[in-house]
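The chain contents come next:
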Amino acid sequence: EKDGFEHFMLKEIYEQPNAFRKTILNRIDSAGKNIVFEGLQLSSEQIHRLDKIFIIACGTAYHAGLVGKHVIEELTRIPVEVDVASEFRYRRPIVTDKTLVIVVSQSGETADTLAALRESQRLGAKVLAITNVPGSSIARDADEVIATVAGPEIAVASTKAYTSQLIAFYLFGIYLAQVKETIPEEERKVMIEALCKLPEQTEVVLQHANDIRMYAEAIKGHSSLFFIGRGIDYAVALEGSLKLKEISYIHSEAYAAGELKHGTLALIEEGTPVIALATQTELYEKMASNIKEVKARGAHVLGVTLEENIELHRNVDDVCLIPSAMALFTPVLSVIPLQLISYYTSLALGNDVDKPRNLAKSVTVE
Ligand code: M6R
(Lines give C-alpha, C1' and ligand atoms only; values in the text may rest on other atoms or scores of the structure.)
Protein backbone atom coordinates (compact mmCIF):
# COMPACT_ATOMS: atom_id res chain seq x y z
CA GLU A 1 0.00 0.00 0.00
CA LYS A 2 3.02 2.29 0.26
CA ASP A 3 3.69 1.63 -3.42
CA GLY A 4 7.36 0.95 -2.80
CA PHE A 5 7.92 4.10 -0.74
CA GLU A 6 9.50 3.73 2.66
CA HIS A 7 6.83 5.82 4.37
CA PHE A 8 3.33 7.06 3.67
CA MET A 9 4.57 10.62 4.03
CA LEU A 10 7.02 10.26 1.15
CA LYS A 11 4.42 8.52 -0.97
CA GLU A 12 1.97 11.33 -0.26
CA ILE A 13 4.55 13.99 -1.11
CA TYR A 14 5.02 12.33 -4.49
CA GLU A 15 1.28 12.01 -5.02
CA GLN A 16 0.89 15.78 -5.05
CA PRO A 17 0.98 16.38 -8.82
CA ASN A 18 -1.87 13.90 -9.32
CA ALA A 19 -3.80 15.22 -6.35
CA PHE A 20 -3.71 18.66 -8.02
CA ARG A 21 -4.82 17.26 -11.36
CA LYS A 22 -7.76 15.52 -9.71
CA THR A 23 -8.71 18.58 -7.67
CA ILE A 24 -8.68 20.76 -10.80
CA LEU A 25 -10.45 18.21 -13.00
CA ASN A 26 -13.97 19.18 -14.15
CA ARG A 27 -13.68 22.56 -12.48
CA ILE A 28 -12.52 24.46 -15.57
CA ASP A 29 -14.74 24.87 -18.63
CA SER A 30 -13.65 23.49 -22.01
CA ALA A 31 -12.56 26.92 -23.23
CA GLY A 32 -10.22 27.19 -20.25
CA LYS A 33 -11.78 30.54 -19.35
CA ASN A 34 -14.12 29.88 -16.46
CA ILE A 35 -14.19 28.03 -13.19
CA VAL A 36 -17.22 25.80 -12.71
CA PHE A 37 -18.28 24.34 -9.39
CA GLU A 38 -20.91 21.74 -9.88
CA GLY A 39 -23.25 21.61 -6.94
CA LEU A 40 -22.25 24.98 -5.49
CA GLN A 41 -25.45 26.70 -4.45
CA LEU A 42 -24.00 30.04 -3.43
CA SER A 43 -25.77 32.45 -5.80
CA SER A 44 -24.24 35.36 -7.60
CA GLU A 45 -26.45 37.63 -5.51
CA GLN A 46 -25.15 36.08 -2.29
CA ILE A 47 -21.58 36.52 -3.49
CA HIS A 48 -22.20 40.17 -4.32
CA ARG A 49 -23.62 40.76 -0.84
CA LEU A 50 -20.58 39.37 0.99
CA ASP A 51 -18.76 41.97 3.04
CA LYS A 52 -16.35 39.62 4.78
CA ILE A 53 -14.95 36.12 4.62
CA PHE A 54 -13.72 34.13 7.59
CA ILE A 55 -11.39 31.20 7.12
CA ILE A 56 -11.31 28.85 10.10
CA ALA A 57 -9.17 25.76 10.59
CA CYS A 58 -6.49 24.11 12.73
CA GLY A 59 -2.82 23.32 12.18
CA THR A 60 -1.77 22.84 8.60
CA ALA A 61 -5.28 23.58 7.32
CA TYR A 62 -5.02 26.95 9.12
CA HIS A 63 -1.79 27.59 7.25
CA ALA A 64 -3.58 26.85 3.99
CA GLY A 65 -6.14 29.43 5.12
CA LEU A 66 -3.40 32.05 5.52
CA VAL A 67 -2.52 31.55 1.86
CA GLY A 68 -6.25 31.58 1.04
CA LYS A 69 -6.53 35.04 2.56
CA HIS A 70 -3.85 36.40 0.21
CA VAL A 71 -5.57 34.77 -2.75
CA ILE A 72 -9.11 35.94 -2.04
CA GLU A 73 -8.17 39.46 -0.99
CA GLU A 74 -5.90 39.92 -4.00
CA LEU A 75 -8.45 38.62 -6.50
CA THR A 76 -11.68 39.96 -5.05
CA ARG A 77 -10.82 42.73 -2.55
CA ILE A 78 -13.23 41.12 -0.06
CA PRO A 79 -11.66 41.40 3.42
CA VAL A 80 -10.65 38.00 4.80
CA GLU A 81 -9.94 37.12 8.40
CA VAL A 82 -8.23 33.83 9.24
CA ASP A 83 -8.67 32.23 12.61
CA VAL A 84 -7.68 29.13 14.49
CA ALA A 85 -10.89 27.19 15.24
CA SER A 86 -10.15 26.82 18.96
CA GLU A 87 -9.79 30.61 19.26
CA PHE A 88 -12.70 31.56 17.03
CA ARG A 89 -15.26 29.59 18.95
CA TYR A 90 -14.41 30.98 22.38
CA ARG A 91 -14.61 34.68 21.55
CA ARG A 92 -17.50 36.65 20.15
CA PRO A 93 -16.59 36.64 16.46
CA ILE A 94 -18.21 39.28 14.27
CA VAL A 95 -20.17 37.10 11.89
CA THR A 96 -23.38 38.13 10.14
CA ASP A 97 -25.51 36.88 7.25
CA LYS A 98 -23.18 38.83 4.96
CA THR A 99 -20.20 36.76 6.09
CA LEU A 100 -19.06 33.66 4.29
CA VAL A 101 -17.26 31.27 6.59
CA ILE A 102 -14.84 28.84 4.97
CA VAL A 103 -13.79 25.93 7.16
CA VAL A 104 -10.80 23.91 6.02
CA SER A 105 -10.21 20.36 7.21
CA GLN A 106 -8.50 17.38 5.64
CA SER A 107 -10.34 14.84 7.78
CA GLY A 108 -13.57 16.75 8.16
CA GLU A 109 -13.68 15.51 11.76
CA THR A 110 -11.63 18.04 13.72
CA ALA A 111 -13.76 18.84 16.78
CA ASP A 112 -12.92 22.55 17.08
CA THR A 113 -13.42 23.18 13.37
CA LEU A 114 -16.78 21.41 13.44
CA ALA A 115 -17.86 23.46 16.47
CA ALA A 116 -16.75 26.69 14.74
CA LEU A 117 -18.81 25.69 11.71
CA ARG A 118 -21.93 25.22 13.85
CA GLU A 119 -21.34 28.46 15.73
CA SER A 120 -21.01 30.33 12.41
CA GLN A 121 -24.28 28.90 11.14
CA ARG A 122 -25.97 29.87 14.41
CA LEU A 123 -24.78 33.43 13.82
CA GLY A 124 -26.39 33.42 10.38
CA ALA A 125 -23.45 32.80 8.08
CA LYS A 126 -23.27 30.34 5.21
CA VAL A 127 -20.46 27.86 5.67
CA LEU A 128 -18.36 26.45 2.88
CA ALA A 129 -16.17 23.46 3.73
CA ILE A 130 -12.95 22.61 1.95
CA THR A 131 -12.37 19.01 2.92
CA ASN A 132 -10.76 15.85 1.67
CA VAL A 133 -13.45 13.55 3.04
CA PRO A 134 -16.85 14.14 1.39
CA GLY A 135 -18.73 11.90 3.85
CA SER A 136 -17.24 13.55 6.96
CA SER A 137 -19.13 15.39 9.72
CA ILE A 138 -17.88 18.76 8.46
CA ALA A 139 -18.94 17.99 4.88
CA ARG A 140 -22.35 16.90 6.10
CA ASP A 141 -23.01 19.95 8.24
CA ALA A 142 -21.63 22.60 5.87
CA ASP A 143 -23.93 24.47 3.49
CA GLU A 144 -21.46 24.07 0.63
CA VAL A 145 -18.56 21.72 0.03
CA ILE A 146 -15.51 21.96 -2.18
CA ALA A 147 -13.80 18.60 -2.07
CA THR A 148 -10.06 18.33 -2.42
CA VAL A 149 -9.36 15.16 -4.34
CA ALA A 150 -6.06 14.23 -2.73
CA GLY A 151 -6.99 10.64 -1.87
CA PRO A 152 -6.56 9.21 1.64
CA GLU A 153 -3.79 10.86 3.66
CA ILE A 154 -2.32 8.40 6.16
CA ALA A 155 0.83 10.09 7.48
CA VAL A 156 0.12 12.32 10.47
CA ALA A 157 2.10 15.13 8.86
CA SER A 158 -0.14 16.64 6.22
CA THR A 159 1.39 17.23 2.80
CA LYS A 160 -0.83 16.54 -0.21
CA ALA A 161 -3.94 17.62 1.70
CA TYR A 162 -2.35 21.03 2.37
CA THR A 163 -1.31 21.69 -1.21
CA SER A 164 -4.67 20.44 -2.50
CA GLN A 165 -6.35 22.92 -0.13
CA LEU A 166 -4.25 25.63 -1.77
CA ILE A 167 -5.49 24.49 -5.18
CA ALA A 168 -9.07 24.65 -3.87
CA PHE A 169 -8.46 28.23 -2.69
CA TYR A 170 -7.07 29.19 -6.10
CA LEU A 171 -10.10 27.73 -7.86
CA PHE A 172 -12.53 29.36 -5.46
CA GLY A 173 -10.71 32.71 -5.47
CA ILE A 174 -10.76 32.82 -9.27
CA TYR A 175 -14.42 31.77 -9.19
CA LEU A 176 -15.34 34.63 -6.85
CA ALA A 177 -13.42 37.07 -9.06
CA GLN A 178 -15.27 35.73 -12.08
CA VAL A 179 -18.67 36.28 -10.44
CA LYS A 180 -17.75 39.68 -9.04
CA GLU A 181 -15.87 40.66 -12.22
CA THR A 182 -12.93 41.91 -10.21
CA ILE A 183 -10.32 40.71 -12.70
CA PRO A 184 -10.49 41.02 -16.50
CA GLU A 185 -11.45 37.90 -18.44
CA GLU A 186 -8.10 37.78 -20.21
CA GLU A 187 -6.22 37.85 -16.92
CA ARG A 188 -8.43 35.08 -15.59
CA LYS A 189 -7.57 32.92 -18.56
CA VAL A 190 -3.86 33.47 -17.98
CA MET A 191 -4.29 32.54 -14.32
CA ILE A 192 -6.17 29.37 -15.19
CA GLU A 193 -3.41 28.39 -17.60
CA ALA A 194 -0.79 29.01 -14.94
CA LEU A 195 -2.80 26.97 -12.44
CA CYS A 196 -2.90 24.02 -14.83
CA LYS A 197 0.90 24.11 -15.07
CA LEU A 198 1.37 23.52 -11.35
CA PRO A 199 1.22 19.69 -11.43
CA GLU A 200 4.05 19.52 -13.95
CA GLN A 201 6.07 22.17 -12.14
CA THR A 202 5.67 20.19 -8.93
CA GLU A 203 7.12 17.16 -10.68
CA VAL A 204 10.17 19.26 -11.55
CA VAL A 205 10.65 20.28 -7.90
CA LEU A 206 10.36 16.65 -6.80
CA GLN A 207 13.23 15.69 -9.09
CA HIS A 208 15.59 17.58 -6.79
CA ALA A 209 14.73 15.62 -3.67
CA ASN A 210 18.25 14.28 -3.31
CA ASP A 211 19.88 17.69 -2.82
CA ILE A 212 17.44 18.24 0.01
CA ARG A 213 18.45 15.00 1.60
CA MET A 214 21.95 16.40 2.02
CA TYR A 215 20.63 19.56 3.59
CA ALA A 216 18.62 17.49 6.08
CA GLU A 217 21.82 15.66 7.08
CA ALA A 218 23.41 19.03 7.79
CA ILE A 219 20.66 20.36 10.04
CA LYS A 220 19.84 17.21 11.96
CA GLY A 221 22.33 18.03 14.75
CA HIS A 222 20.99 21.54 15.34
CA SER A 223 18.70 22.32 18.22
CA SER A 224 16.90 25.22 16.62
CA LEU A 225 16.31 26.85 13.28
CA PHE A 226 14.34 29.64 11.67
CA PHE A 227 12.08 30.06 8.69
CA ILE A 228 11.66 33.57 7.37
CA GLY A 229 9.55 35.09 4.61
CA ARG A 230 7.33 38.01 3.72
CA GLY A 231 3.73 38.08 2.55
CA ILE A 232 2.57 34.76 1.19
CA ASP A 233 6.06 33.36 1.84
CA TYR A 234 5.53 33.99 5.54
CA ALA A 235 2.43 31.76 5.43
CA VAL A 236 4.57 29.01 3.86
CA ALA A 237 7.31 29.59 6.45
CA LEU A 238 4.78 28.82 9.20
CA GLU A 239 3.84 25.57 7.50
CA GLY A 240 7.49 24.57 6.96
CA SER A 241 8.23 25.21 10.61
CA LEU A 242 5.24 23.18 11.84
CA LYS A 243 6.18 20.27 9.58
CA LEU A 244 9.75 20.21 10.88
CA LYS A 245 8.71 20.38 14.55
CA GLU A 246 6.04 17.76 14.10
CA ILE A 247 8.21 14.94 12.80
CA SER A 248 11.86 15.85 13.49
CA TYR A 249 11.19 17.27 17.00
CA ILE A 250 13.72 20.02 16.28
CA HIS A 251 12.64 23.39 17.55
CA SER A 252 12.02 25.97 14.87
CA GLU A 253 10.20 29.23 14.48
CA ALA A 254 8.75 31.08 11.55
CA TYR A 255 9.04 34.84 11.36
CA ALA A 256 7.79 37.55 9.10
CA ALA A 257 11.21 38.63 7.86
CA GLY A 258 10.54 42.30 8.62
CA GLU A 259 10.03 41.43 12.27
CA LEU A 260 13.50 39.99 12.81
CA LYS A 261 15.05 43.17 14.09
CA HIS A 262 12.25 43.55 16.61
CA GLY A 263 13.56 40.64 18.66
CA THR A 264 14.38 37.41 16.90
CA LEU A 265 17.70 38.55 15.55
CA ALA A 266 19.03 38.14 19.10
CA LEU A 267 18.71 34.37 18.69
CA ILE A 268 20.89 34.10 15.59
CA GLU A 269 24.34 32.72 16.34
CA GLU A 270 27.26 31.40 14.35
CA GLY A 271 25.91 28.52 12.25
CA THR A 272 22.18 28.90 13.06
CA PRO A 273 20.29 27.47 10.08
CA VAL A 274 17.85 29.92 8.51
CA ILE A 275 15.54 28.93 5.68
CA ALA A 276 14.62 32.06 3.76
CA LEU A 277 11.66 31.95 1.40
CA ALA A 278 11.96 34.57 -1.31
CA THR A 279 9.54 33.85 -4.12
CA GLN A 280 7.81 37.22 -4.38
CA THR A 281 9.47 39.42 -6.98
CA GLU A 282 8.10 42.60 -5.44
CA LEU A 283 9.67 41.72 -2.11
CA TYR A 284 13.06 40.41 -3.29
CA GLU A 285 15.01 43.45 -2.25
CA LYS A 286 13.48 43.55 1.19
CA MET A 287 14.19 39.83 1.63
CA ALA A 288 17.76 40.29 0.42
CA SER A 289 18.38 42.81 3.18
CA ASN A 290 16.84 40.50 5.80
CA ILE A 291 19.11 37.72 4.57
CA LYS A 292 22.11 40.02 4.95
CA GLU A 293 21.01 40.83 8.50
CA VAL A 294 21.02 37.17 9.56
CA LYS A 295 24.18 36.34 7.63
CA ALA A 296 26.01 39.18 9.34
CA ARG A 297 25.23 37.40 12.66
CA GLY A 298 26.64 34.11 11.39
CA ALA A 299 23.50 32.36 10.10
CA HIS A 300 23.78 29.64 7.49
CA VAL A 301 21.09 30.49 4.96
CA LEU A 302 19.18 28.24 2.60
CA GLY A 303 17.28 30.39 0.13
CA VAL A 304 14.14 29.06 -1.54
CA THR A 305 13.54 31.19 -4.59
CA LEU A 306 12.47 31.26 -8.22
CA GLU A 307 14.97 30.06 -10.80
CA GLU A 308 15.25 33.49 -12.42
CA ASN A 309 16.21 35.24 -9.20
CA ILE A 310 19.95 35.07 -9.88
CA GLU A 311 20.73 37.96 -7.55
CA LEU A 312 19.60 36.11 -4.45
CA HIS A 313 21.78 33.10 -5.24
CA ARG A 314 24.85 35.17 -4.44
CA ASN A 315 23.60 36.14 -1.01
CA VAL A 316 22.83 32.71 0.39
CA ASP A 317 24.88 29.65 1.35
CA ASP A 318 22.60 27.09 -0.27
CA VAL A 319 19.81 27.58 -2.71
CA CYS A 320 16.76 25.64 -3.64
CA LEU A 321 15.20 26.73 -6.91
CA ILE A 322 11.59 26.44 -7.88
CA PRO A 323 10.16 26.96 -11.36
CA SER A 324 8.82 30.34 -12.30
CA ALA A 325 5.18 30.75 -11.26
CA MET A 326 2.59 33.46 -10.62
CA ALA A 327 3.11 35.17 -7.28
CA LEU A 328 -0.04 33.69 -5.71
CA PHE A 329 0.83 30.17 -6.84
CA THR A 330 4.38 29.84 -5.52
CA PRO A 331 3.36 28.31 -2.14
CA VAL A 332 2.41 25.05 -3.86
CA LEU A 333 5.96 24.76 -5.16
CA SER A 334 7.99 26.33 -2.35
CA VAL A 335 6.45 24.12 0.33
CA ILE A 336 7.67 20.93 -1.39
CA PRO A 337 11.34 21.37 -0.41
CA LEU A 338 10.19 22.17 3.14
CA GLN A 339 8.13 18.96 3.28
CA LEU A 340 11.15 17.04 2.04
CA ILE A 341 13.48 18.72 4.55
CA SER A 342 11.25 17.65 7.43
CA TYR A 343 10.85 14.15 6.01
CA TYR A 344 14.57 13.53 5.52
CA THR A 345 15.50 15.14 8.84
CA SER A 346 13.03 12.93 10.69
CA LEU A 347 14.36 9.93 8.81
CA ALA A 348 17.99 10.82 9.57
CA LEU A 349 17.13 11.10 13.26
CA GLY A 350 15.49 7.70 13.29
CA ASN A 351 12.05 9.00 14.24
CA ASP A 352 8.74 7.37 13.44
CA VAL A 353 8.06 9.55 10.40
CA ASP A 354 4.44 8.59 9.80
CA LYS A 355 3.40 8.45 13.45
CA PRO A 356 5.21 11.17 15.37
CA ARG A 357 5.10 11.07 19.15
CA ASN A 358 2.16 12.64 21.01
CA LEU A 359 0.10 13.25 17.87
CA ALA A 360 -2.99 11.77 16.21
CA LYS A 361 -4.04 12.08 12.60
CA SER A 362 -7.43 13.40 13.44
CA VAL A 363 -8.08 15.51 16.53
CA THR A 364 -11.63 14.77 17.61
CA VAL A 365 -11.17 16.04 21.16
CA GLU A 366 -11.52 19.70 22.03
O1 M6R B 1 -8.07 17.07 9.52
P2 M6R B 1 -7.75 18.51 9.71
O3 M6R B 1 -7.27 19.16 8.45
O4 M6R B 1 -8.90 19.29 10.30
O5 M6R B 1 -6.58 18.54 10.75
C6 M6R B 1 -6.09 19.74 11.26
C7 M6R B 1 -4.76 19.55 11.96
O8 M6R B 1 -4.90 18.70 13.06
C9 M6R B 1 -3.67 19.01 11.03
O10 M6R B 1 -3.53 19.79 9.89
C11 M6R B 1 -2.33 18.91 11.75
O12 M6R B 1 -1.86 20.19 12.04
C13 M6R B 1 -1.33 18.13 10.88
N14 M6R B 1 -0.88 16.96 11.57
C15 M6R B 1 -0.13 18.93 10.46
O16 M6R B 1 0.72 18.21 9.65
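Residues numbered from 1 in each chain as written. Predicted model: local features only at pLDDT ≥ 70, side-chain atom pairs only at ≥ 80, totals over all residues. Heavy atoms only, no water.

Draft legend 1. Looking closely at the site of the ligand. Within the structure, the ligand sits among 13 residues, and Ser-105, Gln-106, Ser-107, Thr-110 and Glu-246 are positioned closest to it. At a separation of 2.6 Å, an oxygen atom of the ligand approaches a polar side-chain atom of Ser-107. Contact between the ligand and Glu-246: a nitrogen atom at 2.6 Å from a side-chain N or O atom of the residue. If the ligand stood free it would expose 410 Å²; the protein chains cover 90% of that surface. Breaking the shell around the ligand down by element, the ones donating at least two residues are helix H4 (59–76) and helix H11 (232–248). In terms of residue count, H4 provides more of the shell around the ligand than any other element does, 3 residues in total. (Near = heavy atom within 4 Å. Polar contact = N/O pair within 3.5 Å; in protein donor to acceptor, adjacent residues only side chain to side chain. Areas by Shrake-Rupley, 256 points an atom, 1.4 Å probe, with all protein chains shown as cover. Helix = DSSP H or I, 4+ residues; strand = E, 2+ residues; numbered from the N terminus.)

Draft legend 2. The arrangement of the nonpolar core in detail. Ranked by internal contacts, the top residues of the largest apolar core, which has 110 residues, are Ile-53, Ile-102, Tyr-170 and Phe-172. No other element matches the 13 residues that helix H8 (residues 160–180) contributes to this core. Dropping the residues within four chain positions of it, Ile-53 is found in contact with Ile-72, Ile-78, Pro-79, Val-80, Glu-81, Leu-100, Ile-102 and Leu-176. Counting 15 residues, the second-largest nonpolar core is a separate cluster that includes Ala-85, Phe-88, Leu-117 and Val-127. (Core = buried A, V, L, I, M, F, W, Y, C linked by side-chain atoms within 4.5 Å. Buried < 20%, exposed > 50% of the residue type's maximum accessible area, 1.4 Å probe, protein only. Contact = heavy atoms within 4.5 Å.)

Draft legend 3. Molecular detail of helix H6 (residues 111–122). Here H6 contains 12 residues, and its C-alpha end-to-end distance of 17 Å stays within 8% of the 16 Å for a straight helix at 1.5 Å per residue. Of the surrounding elements, those touching the buried residues of H6 are strand E1 (52–57), helix H5 (85–88), strand E3 (99–105), strand E4 (126–131) and helix H7 (137–141). Two residues or fewer after H6 comes Gly-124, characterised by a positive phi angle close to 100 degrees. (Expected span 1.5 Å × (residues − 1).)

Draft legend 4. Quick peek at the sheet that holds E4. Read across the sheet, 5 strands follow the order E2-E1-E3-E4-E5 without closing on themselves; strand pairing throughout is parallel. Only two strands of the sheet have a single neighbouring strand rather than two, namely strand E2 (80–84) and strand E5 (144–147). Neighbour-to-neighbour, the strand axes of this sheet turn through a mean angle of 20 degrees, independent of strand direction. Bridging between E1 and E3 involves 5 bridges; their strand directions are parallel. Along E3, the bridge assignment pairs Ile-55 with Ile-102. Relative to the sheet, H4 contacts E1, E2 and E3, its axis offset from that of E2 by approximately 175 degrees. Strand contacts of H6: E1, E3 and E4, with the helix running at about 165 degrees to E3, the strand carrying the most contacts. (Pairing = 2+ DSSP bridges. Axes fitted to C-alpha atoms, helices over the stretch in contact; angles between N-to-C directions.)

Draft legend 5. Here's a closer look at the pattern of salt bridges. One pass over the full model with this rule turns up 19 salt bridges. Across the pair Glu-217 and Lys-220 runs a salt bridge, and its minimum N-O distance is 2.9 Å. Residue classification places Glu-217 among the partly exposed residues on the basis of a relative accessible area of 44%. Since its relative accessible area comes to 30%, Lys-220 is described here as partly exposed. Residues joined by salt bridges that share partners form a network here, namely Lys-52, Glu-81, Asp-83 and Arg-91. (Salt bridge = Lys/Arg side-chain N within 4 Å of Asp/Glu carboxyl O.)

Draft legend 6. Structural context of the sheet that holds strand E8 (residues 273–278). In spatial order, the strands read E7-E6-E8-E9-E10; together these 5 strands make up an open sheet with parallel pairing. Looking along the sheet, the strands with just one partner apiece sit at the ends: strand E7 (251–256) and strand E10 (318–322). Each strand of the sheet is rotated relative to its neighbour by a mean of 15 degrees, with strand direction disregarded. Summarising the sheet, strand E9 (residues 300–306) and E10 pair through 5 bridges and their orientation is parallel. Bridging from a neighbouring strand, Leu-302 pairs with Asp-318 of E10. Sheet contacts for helix H10 (residues 209–219): strand E6 (224–229), E8, E9 and E10; angle to E8, the most-contacted strand, approximately 140 degrees.

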